[in-house]
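# Summary of structural features
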Amino acid sequence: MFYPDELVEEIRSRSDIVSTIGAYIRLQKKGSNHMGLCPFHNEKTPSFSVSPSKQMYHCFGCGVGGNVFTFIMEYENYTFVEALKYLAEKAGINLPEQEYSEEARRQADLKGRLLEVNKEAAKYFYYQLKKTERGQAAHDYLINRGLSEEVIKQFGLGYANKYSDDLYKYLKGLGYEDEFLKQSGLVSIDEIRGGHDKFWDRVIFPIMDANHRVIGFGGRVMGKVGNEVPKYLNSPETKVFDKSRNLYGLNFARTARATNFLICEGYMDVIALHQAGFTNAVASLGTAFTTFHANLLKRYTKEVLLTFDSDGAGIQAALRAIPILKETGVTVKVIDMKPYKDPDEFIKALGTEEYKQRIEGAKSSFFFEVDMLQRDYDLNDPEQKTKFFHETAKRLLAFPEELERNFYIDAVAKAYQISVELLTKLVNKFGSQIVVGVNEPREISNNTGRYKKNSEDGITKSQKLMLTWLIEDISLFDKVKGLLEPEDFSEGIYEMVARLVFEQYEKEHKVIPARIINCFQSIEEQTEVASLFSAGIQGEMNASGWQKALSETVLRLKENSLDRQSQKAIEVNDTAKLQKIIMQKADLKKLVARSLA
């Protein structure tokens, strides 16, 4: 952070979150909050809540949340400093440039110059494609691939000509120095060859971030090549380009407002799909699908359709991507493109209407995985068939809700000709073999057969409720004094947030959630903190019901804390500490009842 905390807080406090977000999406007042359709995922029923009292937002649909800085960073794809400048200007606050440290200024200048040089390189490549005789072959290649002039312009496609130092000389002519150009990833410089281009004699695909800024490039050779020359080549990682955190085509797909996103493998597939009207298509940038990709997609949609290549490599890529996407809570389906390899080939052969039919008939990722699993077993062999159903039964346990699991059991039984009763018994058999700790519900991790702790167990929920109640009613601090302290919350972000909440109350006798959110730097942490301040109990409660809920929550938190302390005392053989904890537990119910009366 390059500015004093006091200045950051002034900008935040003068940037009303309801007005700021209301300029982007339509909000309607509902009770003490304002509700609207979430801009980070597609929904028909408003679940996006903005709280004027807490100066924070939280979506109960996709889970995003934060303060006014978080929203601008997420919606505009800004860095924190960019969001700070944007809001400062809106609030009429002049930011003192001298507050930049020398290193911070250098880094900010470097990022700006990298975006600038990438823009110049993109213009150069486009000119080479459209205006030079040397680029004619590349232009013909793209036209022969079925691309229109309109889509070539839209995606800014270009050509790096066969002279391996042409771009280098062009950028040098614009005044860029060698040391900087080395950091841009556009050229390499060595003592023997001097300056030479990263890309040459390739069709160029500019890679843009969500705000249409060129952050890198991909290059494809024209025609067939040997194994010694890679077909595709991407920019190396720079201060503005990280291929594991960006998706090709997202700058266009994010505004498509489709009900889902199509994920394919390559640049040409994305462009072909967009040209055919499927403007919700994106692709990873020549790298394996990552959690960052999944979280990026989750901002915009709840459902993705995988349209990877139908060959062995494409199938394996799909199988790797499915659990990553599911882990973030995204629904996954798989499009069958057989007998064609990829979307580009499919649409050229069968047209857009047939591709729409394939989209509508996309297979649930679970059935896709089961079908791929079946290929490893010979179902004509009784032993192999038994092993297949054992593995399938384990995968069916991944559905924690009994009703949904039964639907899938029924569908699998019909598809693979086994009785529903027999498959149900097998699933229950494996389910009964799960051994977990007391009061520690667990669920099967998607597609792995491993078991993990349920992320929303009783203690987690209790901590969220307590933190929400404390910021909504500060009179509770006096009631829980002597009962609860930050150490009674679980380790990690829960204890950190609790500590900040208690410290802020001690110093100022008030709690400002938006200010606490600002203490965390990453979007993921800010979202998690916002969720801690947005917990609630379904349904209305009278005074006695509220009192009971409060007492039970405090008791559960304190008992869990004492259990953790006793475990540590046992590990270090601290008998005195253990005896003290036992006495505390014995008096706990009476103490809670007396304090909260």
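### Some points on the sheet that holds strand 2 (residues 33–36)
Strand order in this open sheet of five strands is 1-2-3-4-5, and the pairing throughout is antiparallel. Strand pairing shows two members of the sheet lacking a second neighbour, strand 1 (28–30) and strand 5 (65–66), which therefore form its edges. On top of the sheet, helix 3 (residues 68–76) reaches strand 3 (48–51), strand 4 (56–59) and strand 5; it is set at about 55° to strand 4, its chief contact.

### A closer look at the side chain of Asp-342
Of note, Asp-342 is situated in the loop between strand 16 (331–334) and helix 14 (343–350). Within the buried set, Asp-342 has no salt-bridge partner at all; the shortest N-O distance to an opposite charge, 5.3 Å, is to Lys-341. Among the polar contacts made by the side chain of Asp-342, one reaches the main-chain amide nitrogen of Asp-344 at a distance of 3.2 Å.

### A word on the pairing of strand 13 (residues 261–264)
With burial as the criterion, each face of strand 13 is covered, one bearing Phe-261 and Ile-263 and the other bearing Leu-262 and Cys-264. Sheet topology note: the strand 13/strand 15 (residues 303–306) ladder contains three bridges and is parallel. Paired with Leu-262 across the two strands is Leu-305, which belongs to strand 15. When strand 13 meets strand 14 (residues 281–284), the two strands line up parallel, connected through three bridges. Within strand 14, the position partnered with Leu-262 by the bridge is Ala-281. Taken together, strand 13, helix 11 (residues 267–275) and strand 14 form a β-α-β motif whose crossover is right-handed.

### Quick word on unusual backbone geometry
Cis geometry marks the peptide bond from Lys-338 to Pro-339; its omega dihedral reads 15°. Its place among the elements puts Pro-339 in the loop between strand 16 and helix 14. For Gln-55, which is not glycine, the phi torsion reads 55° and is therefore positive. Along the chain, Gln-55 turns up in the loop between strand 3 and strand 4. The buried category is assigned to Gln-55, whose relative accessible area is 14%.

### Some thoughts on the nonpolar core
In terms of nonpolar packing, the biggest core is built from 59 residues, with Leu-157, Phe-217, Tyr-248, Leu-262 and Tyr-355 touching the most fellow members. Counting residues per element, this core draws most heavily on helix 5 (residues 102–131), at nine residues. Once you skip the residues sitting within four places of it in the chain, Tyr-248 turns out to touch Phe-155, Leu-157, Phe-205, Pro-206, Ile-207, Tyr-267, Val-270, Ile-271, Ala-281, Val-282, Ala-283 and Leu-285. By size, the runner-up hydrophobic cluster in this structure holds 39 residues, among which are Met-466, Leu-476, Phe-502 and Val-511.

### Observations regarding the packing of aromatic side chains
Scanning the model with the defined rule gives 32 aromatic pairs in all. Seen from their ring centres, Phe-155 and Phe-252 are 5.0 Å apart, and the 65° between their planes marks the pair as edge-to-face. Placement of the pair is Phe-155 in the loop between helix 7 (149–154) and strand 6 (158–160) and Phe-252 in helix 10 (residues 250–253), with a sequence separation of 97 residues. Its relative accessible area of 18% is what places Phe-252 among the buried residues. Ring geometry for Phe-367 against Tyr-408: centres 5.5 Å apart, planes inclined by 25°, an arrangement best described as stacked. Taken together, the residues span a long stretch of sequence, with Phe-367 in helix 16 (residues 365–374) and Tyr-408 in helix 18 (residues 402–416) at a distance of 41 residues. On the accessibility criterion, Phe-367 (19% relative accessible area) is buried. Chaining the aromatic ring pairs together yields one cluster made of Phe-155, Phe-205, Tyr-232, Tyr-248, Phe-252 and Tyr-267.

The rules we used
- Residues numbered from 1 in each chain as written.
- Predicted model: local features only at pLDDT ≥ 70, side-chain atom pairs only at ≥ 80, totals over all residues.
- Heavy atoms only, no water.
- Pairing = 2+ DSSP bridges.
- Helix = DSSP H or I, 4+ residues; strand = E, 2+ residues; numbered from the N terminus.
- Contact = heavy atoms within 4.5 Å.
- Axes fitted to C-alpha atoms, helices over the stretch in contact; angles between N-to-C directions.
- Buried < 20%, exposed > 50% of the residue type's maximum accessible area, 1.4 Å probe, protein only.
- Lys, Arg positive; Asp, Glu negative; His and termini not counted.
- Salt bridge = Lys/Arg side-chain N within 4 Å of Asp/Glu carboxyl O.
- Polar contact = N/O pair within 3.5 Å; in protein donor to acceptor, adjacent residues only side chain to side chain.
- Right-handed = clockwise from strand over helix to strand, strands pointing away.
- Core = buried A, V, L, I, M, F, W, Y, C linked by side-chain atoms within 4.5 Å.
- Phe/Tyr/Trp six-rings, centres within 6.5 Å; stacked < 30°, edge-to-face > 60°.

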